[in-house]
Amino acid sequence: MAQMTMIQALRSAMDVMLDRNPEVVVFGEDVGYFGGVFRCTEGLQAKYGKTRVFDTPISEGGIVGVAVGMGAYGLRPVAEIQFADYFYPASDQLVSEAARLRHRSAGDFTCPITVRMPCGGGIYGGQTHSQSPEALFTHVCGLRTVLPSNPYDAKGLLISAIENDDPVIFLEPKRIYNGPFDGHHDKPVVPWSRHPLGEVPEGYFTVPLESAKIFRPGKDVTVISYGTMVWVAEAAANETGIDAEIIDLRSLWPLDLDAMVESVKKTGRCVIVHEATRTSGFGAELLSLVQEHCFYDLEAPIVRVTGWDTPYPHAQEWAYFPGPERLGEALKRAMEAC
Amino acid sequence: MDRRSPLRLHVPEPTGRPGQHTDFSYLHLSPAGAVRRPQLDTSVQKTGDLCYALVRVLDDDGRAKGPWNPKLSPEVLTVGLRGMIRTRVFDARMLVAQRQKKISFYMQSLGEEAIGCAHAMALDPGDMNFPTYRQQSLLLARDDAPMVEMICQLLSNERDPLKGRQLPVMYSYKKLGFFSISGNLATQFIQAVGWAMASAIKGDTRIASGWIGDGSTAEADFHTALTFAHVYRAPVILNVVNNQWAISSFQAIAGGEGSTFAARGVGCGIASLRVDGNDFLAVYAASRWAAERARRNLGPTLIEWLTYRAGAHSTSDDPTKYRPADDWERFPLGDPIARLKTHLIAIGAWSEAQHEAMQKEVEAEVIAAQKEAERFGSLADGHLFSNSTMFDDVYEDVPDHLRRQRRQLGV
Ligand SMILES: Cc1ncc(C[n+]2csc(CCOP(=O)(O)OP(=O)(O)O)c2C)c(N)n1
Ligand SMILES: [Mg+2]
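Remember, it's a predicted structure, so these values are computed and weren't measured experimentally. (Residues numbered from 1 in each chain as written. Chains lettered and ligands numbered in written order. Predicted model: local features only at pLDDT ≥ 70, side-chain atom pairs only at ≥ 80, totals over all residues. Heavy atoms only, no water.)

### Observations regarding the overall build of chain A
Scanning chain A from N- to C-terminus turns up 12 helices and 14 strands. For chain A, the C-alpha radius of gyration of 19 Å lies close to 20 Å, the compact-globule estimate for 338 residues. C-alpha atoms of chain A, sized along the principal axes, occupy 60 × 45 × 40 Å. Looking at chain A as a whole, 64% of its 338 residues are labelled buried. Considering only contacts in chain A between residues 6 or more positions apart, those separated by 24 or more positions represent 79%. When the accessible surface of chain A is summed, it comes to about 12,000 Å², and 52% of that surface belongs to carbon and sulfur atoms. Treating the 29 positive side-chain charges of chain A as one cloud and the 43 negative ones as another, the clouds have centres 2 Å apart. (Helix = DSSP H or I, 4+ residues; strand = E, 2+ residues; numbered from the N terminus. Rg over C-alpha atoms; globule rule 2.2 N^0.38 Å. Buried < 20%, exposed > 50% of the residue type's maximum accessible area, 1.4 Å probe, protein only. Contact = heavy atoms within 4.5 Å. Areas by Shrake-Rupley, 256 points an atom, 1.4 Å probe, with all protein chains shown as cover. Lys, Arg positive; Asp, Glu negative; His and termini not counted. Charge placed at Lys NZ, Arg CZ, Asp CG, Glu CD.)

### Concerning the overall build of chain B
On a plain count of helices and strands, chain B comes out with 12 helices and seven strands. Over its C-alpha atoms chain B spans a radius of gyration of 22 Å, differing by no more than 12% from the 22 Å that the globule rule assigns to 411 residues. Counting only C-alpha atoms and orienting by the principal axes, one finds that chain B spans roughly 70 × 60 × 55 Å. Considering only contacts in chain B between residues 6 or more positions apart, those separated by 24 or more positions represent 75%. As displayed, chain B has an accessible area near 17,100 Å², and 51% of this comes from carbon and sulfur atoms.

### Digging into the packing of aromatic side chains
Residues and elements named next belong to chain A. Under the defined criterion, the tally for this structure stands at 31 aromatic pairs over all chains. Look at Phe 83 and Tyr 86: their rings are 5.7 Å apart centre to centre, the planes differ by 80°, and that puts the pair in the edge-to-face class. Here the two residues Phe 83 and Tyr 86 agree in accessibility, since each one is buried. Ring centres 5.7 Å apart and planes at 65° place the aromatic pair Phe 181 and Phe 321 in the edge-to-face group. With Phe 181 in the loop between strand E7 (168-173) and strand E8 (199-200) and Phe 321 in the loop between helix H11 (317-320) and helix H12 (324-336), the pair connects residues that are 140 residues apart, well separated along the chain. Taking relative accessible area as the criterion, Phe 321 reaches 3% and is therefore assigned buried. (Phe/Tyr/Trp six-rings, centres within 6.5 Å; stacked < 30°, edge-to-face > 60°.)

### Here we look at helix H3 (residues 60-73) of chain A
Residue and element names in this part refer to chain A. With 14 residues, H3 extends 20 Å between its outermost C-alpha atoms, agreeing within 8% with the 20 Å of an ideal straight helix rising 1.5 Å per residue. Turning to H3, its buried residues are Glu 60, Gly 61, Ile 63, Val 64, Ala 67, Val 68, Met 70 and Gly 71. Residues of H3 that are buried sit in contact with strand E2 (24-28), strand E3 (53-55), strand E4 (76-80), helix H4 (91-98), helix H5 (101-104) and strand E5 (114-119). One or two steps after H3, the chain reaches Gly 74, where phi turns positive at roughly 130°. (Expected span 1.5 Å × (residues − 1).)

### Examining the side chain of Glu 219 of chain B
Within the fold, Glu 219 of chain B resides in the loop between strand E2 (208-213) and helix H6 (220-231). Buried charge Glu 219 of chain B goes without a salt bridge, the closest partner of opposite sign being Arg 264 of chain B at 13 Å. (Salt bridge = Lys/Arg side-chain N within 4 Å of Asp/Glu carboxyl O.)

### Describing the site of ligand 1
Looking at ligand 1, there are 20 residues lining it, with Glu 60 of chain A together with Tyr 133, Arg 134, Asp 214 and Ser 216 of chain B nearest. Chains contributing residues near ligand 1 are chains A and B. Take Leu 185 of chain B: an N or O atom from its main chain is 3.2 Å from a nitrogen atom of ligand 1. Taking 580 Å² as the accessible area of ligand 1 by itself, protein coverage stands at 95%. In terms of residue class, the shell around ligand 1 is made up of seven nonpolar, eight polar and five charged. (Near = heavy atom within 4 Å. Polar contact = N/O pair within 3.5 Å; in protein donor to acceptor, adjacent residues only side chain to side chain. Nonpolar A, V, L, I, M, F, W, Y, C, P; charged D, E, K, R; others polar.)

### Comments concerning the sheet that holds strand E11 (residues 244-248) of chain A
Two strands in a sheet stick together by hydrogen bonds in their backbones, pointing the same way (parallel) or opposite ways (antiparallel). All names here are of chain A. Read from one edge to the other, the open sheet built from five strands follows the order E9-E11-E10-E13-E14, with strand pairing classed as mixed. For this open sheet the edge positions go to strand E9 (213-216) and strand E14 (303-307), each flanked by a neighbour on one side alone. Strand-to-strand, the axes of this sheet are offset by a mean angle of 25°, without reference to chain direction. Sitting on the sheet, helix H9 (residues 257-267) is in contact with strand E10 (221-225), E11 and strand E13 (270-277), with an inclination near 155° to E10. (Pairing = 2+ DSSP bridges. Axes fitted to C-alpha atoms, helices over the stretch in contact; angles between N-to-C directions.)

### Notes on the coordination of the magnesium ion (ligand 2)
All names here are of chain B. Note on the magnesium ion (ligand 2): its protein donors are Asp 214 (OD), Asn 243 (OD1) and Trp 245 (O). The metal-donor distances range over 2.0 to 2.1 Å. Classification of Asp 214 by relative accessible area gives buried; the value is 2%. Assessed through its relative accessible area of 4%, Trp 245 is described here as buried. (Donors = N, O, S within 2.8 Å, 3.2 Å for Na, K, Ca; no water.)

### Digging into the pairing of E11 of chain A
Residue and element names in this part refer to chain A. Along E11, five of the five residues are buried, which leaves the element largely enclosed by surrounding structure. Side-chain alternation along E11 places Ala 244, Ile 246 and Asp 248 on one buried face and Glu 245 and Ile 247 on a second face that is also buried. Bridge count for E9 against E11 is three bridges, and the pairing is antiparallel. Across the sheet, the residue bridging to Arg 216 is Ile 246, located in E11. Here E10 runs beside E11; their pairing, made up of five bridges, is parallel. Across the sheet, the residue bridging to Val 223 is Ile 246, located in E11.

### A short note on the nonpolar core
With 77 residues, the main nonpolar core has Trp 68, Leu 81, Phe 90, Tyr 171, Phe 280 and Trp 305 of chain B as its most contacted residues. Ranked by residues supplied to this core, first place goes to helix H8 (residues 280-295) of chain B with 11 residues. Listed in part, the 67 residues of the second largest apolar core include Tyr 48, Ala 154, Ile 159 and Phe 205 of chain A. (Core = buried A, V, L, I, M, F, W, Y, C linked by side-chain atoms within 4.5 Å.)

### Examining the interface of chain B and chain A
Each partner contributes residues to the interface: chain B has 43 residues there, and chain A has 39 residues. Our count for the chain B to chain A interface comes out at one salt bridge. Across the pair Lys 50 of chain A and Glu 13 of chain B runs a salt bridge, and its minimum N-O distance is 3.9 Å. Applying the counting rule to chain B against chain A returns 13 residue pairs in polar contact (both at pLDDT 80 or more). With five residues, the single largest contributor to the side of chain B that touches chain A is helix H12 (residues 400-409) of chain B. Taken together, the residues of the side of chain B that touches chain A sort by class into 19 nonpolar, 16 polar and eight charged.

### Details of the side chain of Thr 22 of chain B
Relative to the assigned elements, Thr 22 of chain B resides in the segment before helix H1 (74-99). Apart from the residues lying within four places of it in its own chain, the contact partners of Thr 22 of chain B are Thr 15, Gly 16, Pro 324, Asp 327 and Arg 330 of chain B.

### Notes on the pairing of E2 of chain A
Residue and element names in this part refer to chain A. Counting buried positions along E2 yields five of five residues, so the element is predominantly enclosed. Of the strand pairs in this sheet, E2 and E4 are connected by five bridges, and their pairing is parallel. Directly across from Val 24, in E4, lies its bridge partner Arg 76. In this structure, E2 lies alongside E3, joined through three bridges in parallel fashion. Note that in E3 the partner of Phe 27 across the bridge is Phe 54.

### Focus: the sheet that holds E4 of chain A
Residues and elements named next belong to chain A. With mixed pairing, seven strands are arranged side by side in an open sheet as E3-E2-E4-E5-E7-E6-E12. At either end of the open sheet lies a strand with only one pairing partner, and these are E3 and strand E12 (251-253). If you compare each strand with its neighbour and ignore which way they point, the axes differ by 20° on average. Taken together, the two bridges between strand E6 (residues 144-146) and E12 define a ladder with antiparallel strand orientation. Along E12, the bridge assignment pairs Thr 145 with Trp 253. Against the sheet, helix H7 (residues 151-163) contacts E2, E4, E5, E6 and E7, and its axis sits at roughly 160° relative to E7.

Have a look at this one:
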């Protein structure tokens, strides 16, 4: 075991896969010589050469487009979009092409690509370095969407994503690259180097897709969340004294429905949390699933905590971010209702 | 060669990396005054050779040469010099303010000051720039540069005209011909074409000027802009600022190797020029030429401005990791401020003493503006636009769901 930040864990996953599988190639803006603006690919070009790890032109449509072509040829491209906020020029390649290639060719061609992108706010990045666009991906049939909350899962899930034969959108909450941020922006974050979930095997291992994790066991209320927000939910549970069971989805779609349903059936209460905007957010889908599968076990209305339906602000960041206080109130509301 | 020998992928590299000296011969420079100046109504094909040459006016001794010399009066030139110095001093002070954590983020334009300054002077009131984040010189070149407000925007304070919504440097000044900056690269290049088309549809006389970096020309929006501009003969100037770098990637990664960005224009049917962007006189002359063409319904012009990003990409970047530290000193097109100063001195219109006085004056101007702006607080001290303003301007009025959310936030 080694102690790794999320950045090191992601790098280690790519390193392991570049080493094990000659079909893996890694590319994106600033990814090659420099090693990525978040340094996730640092040293990989020096180790594996310029034809396996390389810089691309600034064209997200181009990056995903060539990934689809390479994947069809038989490579396993791991492409980086510098910020999730910049994937939009690649929408057509992702939605109309990558997601449907298998289906429209009846399996003649497949698209075994992984598209990594840092997401989420909390870094004063303003409206174009803070977005959480996961619902735009989960809405597309044929895409898999994955979003880890810690270094161990990040590495294991990224390896699973690279090995998976479907296109996988791999979202990385940048606010927890260096440590588990619990929403208390005025307090220092414990670095992953001193955190048990920063303990990551150096070699090959996987965390399966479509498997959620009980992040914190509890009996009062189920919190369904992912990414940075599981840490915020944990802080809220500890601070309110409400014994929440926090489910870290890890794979957003397809997802581990059983884990959610089992927990809600046990607690009878459910709070759904994400940082993304509320309306038509992924929480709406989660809420529908819980209501469809757990209606007769529910003792209170399901509560949603999300970002507001506004662009992510620069200066008013902490009024936007659904922090532990907002989550704590939601937990209380879920407990109070009959 | 055996046609069945293995294929190889070509991945371009810069000619210098840390610890080496860049070989700048890849720039293919022309001597000052050597490049012809076509008629305004030139055919597009006849600008083909200009895309591989380099329009320059100032030579190494500061003499103005050749057909592109705009023959500006010394008074106008000193206005330009002041704009460039103002931009440089402003950048330097704001970088310090960022280091002092008064400002969350900053992007300087060191070494590129001539481009925006001379271009702004070549446009008319009512024209509209669609700038990138590195064209602050378009604003700071102006006598009426809104410096205090600009600093309030950088400080994200309670007088920030953008109410804390945008990252520092993402200004918006409709009244000064400066379109709101988006963080998404290249999106505004095509919007400039649309704005120009609107002016033509309405029968107005205004023109647009779109801006993009060398790296961002790889985006589809760049190519789309060229096609639309050509098809509708839009009254627009399409500026490509080739400062050799896009964060850590060299301009060859954007497709500059063995070609030029100006050449993209001719390929799309657009008259195009490749111009020394560190030569104030050349920038002014080429901007004027392009603006006149647009105003006379002769169509769009693409201009590649050759320059060098002398500083880091942003305050989040460390260029010593990917390029030689002495690159700018060795960049053959020099420093735009020093070059215009040398010229003014050479024609007897300027002196070291005057230059120093101007530098001091501008420093005092920027310091005073910063003091004034800091009275209204900063992101660091929490003097911001109130949280409730976050819900304004999402729509024209605040719909029910946002009123509910605003109440929930308790503001
Ligand atoms: C669509 C999009 N992709 C990526 C980025 C991240 N990014 C910001 S600036 C930049 C480099 C741009 O280089 P260039 O166009 O040459 O302009 P310069 O910074 O040199 O002025 C990149 C990749 C972005 N802002 N938008
Ligand atoms: Mg550039």
